[in-house]
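Chains, contacts and geometry: an overview
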Amino acid sequence: MPCRAVLILSLLLLSLPLTALARNEGVPKKSVILDGLDVDSMRVRLDETDMQPLEGIWYYPNEEMTLGIERYRGEHNIGYRIILLDSPDINVVPGTVIGYIASSAVDNKYQLWLYSQRDRVTLIKPLKCVATLNSTATTLTFDPPHWRVKVRVNIARFLPTLFNGVSIIPEKVGENLPIGFRKIYPEGGDGNSFNHIRYL
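Just so you know, these numbers come straight off a predicted model, no measurement behind them.

A few points about the nonpolar core
Counting 41 residues, the largest nonpolar core has Ile69, Ile82, Ile101, Leu112, Leu140 and Phe181 as the members making the most contacts within it. Among the elements that take part in this core, strand β3 (residues 78-86) stands out by supplying six residues, more than any other.

Written out as structure tokens, the structure is:
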């Protein structure tokens, strides 16, 4: 009987990360590419809106990526999408949506999904973590997922500093310092308060 209980517990533990991968709450299973988006066109696009604190152009130093965050009408409270604007990784096309963000019950806390693997030019397997926006809306930090499961397949990893390691069973990962994005446009709202109309 104890052996059966151990077997059932082991099967439950094995299924936890797979469930987390499968239940992505309305996030598309693979990325899309928005044509013609780069840093300059994203800046124009943002200037034409009454920007929210989370919106802007961000830099992800761990991967040397420049990203745009803009409002998005999605399912399950998904209100923003993250778009790659510039990267040293030539295998990912500018304009690729690399993730999504949803609000939570706490003002400065968000659910953030980032695609974790690459299949040619398409990104797949969105993984969720919790992100925190600082009080001046200039940094968005998040902890890497604390559970990881790896299956040996011939798919290149995307965002290797965030999604690394492989194992056949779930493995608890130690706490790390948060990593994240730093806003580069507009800096501090570009002198304008967020949620107010900026006259052009």
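There's plenty left to go through after this.
Notes on unusual backbone geometry
With an omega of -15°, the peptide bond running from Tyr185 to Pro186 counts as cis. Phi at Arg120 is positive, roughly 60°, even though this residue is not glycine. For Arg120, the location among the structural elements is in the loop between β5 (109-119) and β6 (122-133). Among the residues examined, Arg120 registers a relative accessible area of 74% and is labelled exposed. Of note in the backbone geometry, Ala137 takes a positive phi value of approximately 60° without being a glycine. Turning to its location among the elements, Ala137 is positioned in the loop between β6 and β7 (139-142). By relative accessible area, Ala137 is classed as buried at 5%.

Digging into the pattern of salt bridges
Under the definition given, this model contains five salt bridges. A salt bridge links Glu70 to Arg45; its shortest N-O distance comes to 2.8 Å. Of this pair, Glu70 sits in strand β2 (residues 65-71) while Arg45 sits in helix α2 (residues 39-47), and the two are 25 residues apart along the sequence. On the basis of relative accessible area, Glu70 is assigned to the buried category, the value being 7%. Residue Arg45 is classed as partly exposed on the basis of its relative accessible area, which comes to 33%.

Here we look at the packing of aromatic side chains
All chains considered together, the criterion is met by five aromatic pairs. Taking the centre distance of 6.4 Å and the plane angle of 50° together, the rings of Tyr60 and Phe142 count as tilted. Taken together, the residues span a long stretch of sequence, with Tyr60 in strand β1 (residues 56-60) and Phe142 in strand β7 at a distance of 82 residues. Taken together, a centroid distance of 5.2 Å and an interplanar angle of 50° make the contact between Tyr72 and Tyr100 tilted.

Rules used in this analysis
- Residues numbered from 1 in each chain as written.
- Predicted model: local features only at pLDDT ≥ 70, side-chain atom pairs only at ≥ 80, totals over all residues.
- Heavy atoms only, no water.
- Core = buried A, V, L, I, M, F, W, Y, C linked by side-chain atoms within 4.5 Å.
- Buried < 20%, exposed > 50% of the residue type's maximum accessible area, 1.4 Å probe, protein only.
- Helix = DSSP H or I, 4+ residues; strand = E, 2+ residues; numbered from the N terminus.
- Salt bridge = Lys/Arg side-chain N within 4 Å of Asp/Glu carboxyl O.
- Phe/Tyr/Trp six-rings, centres within 6.5 Å; stacked < 30°, edge-to-face > 60°.

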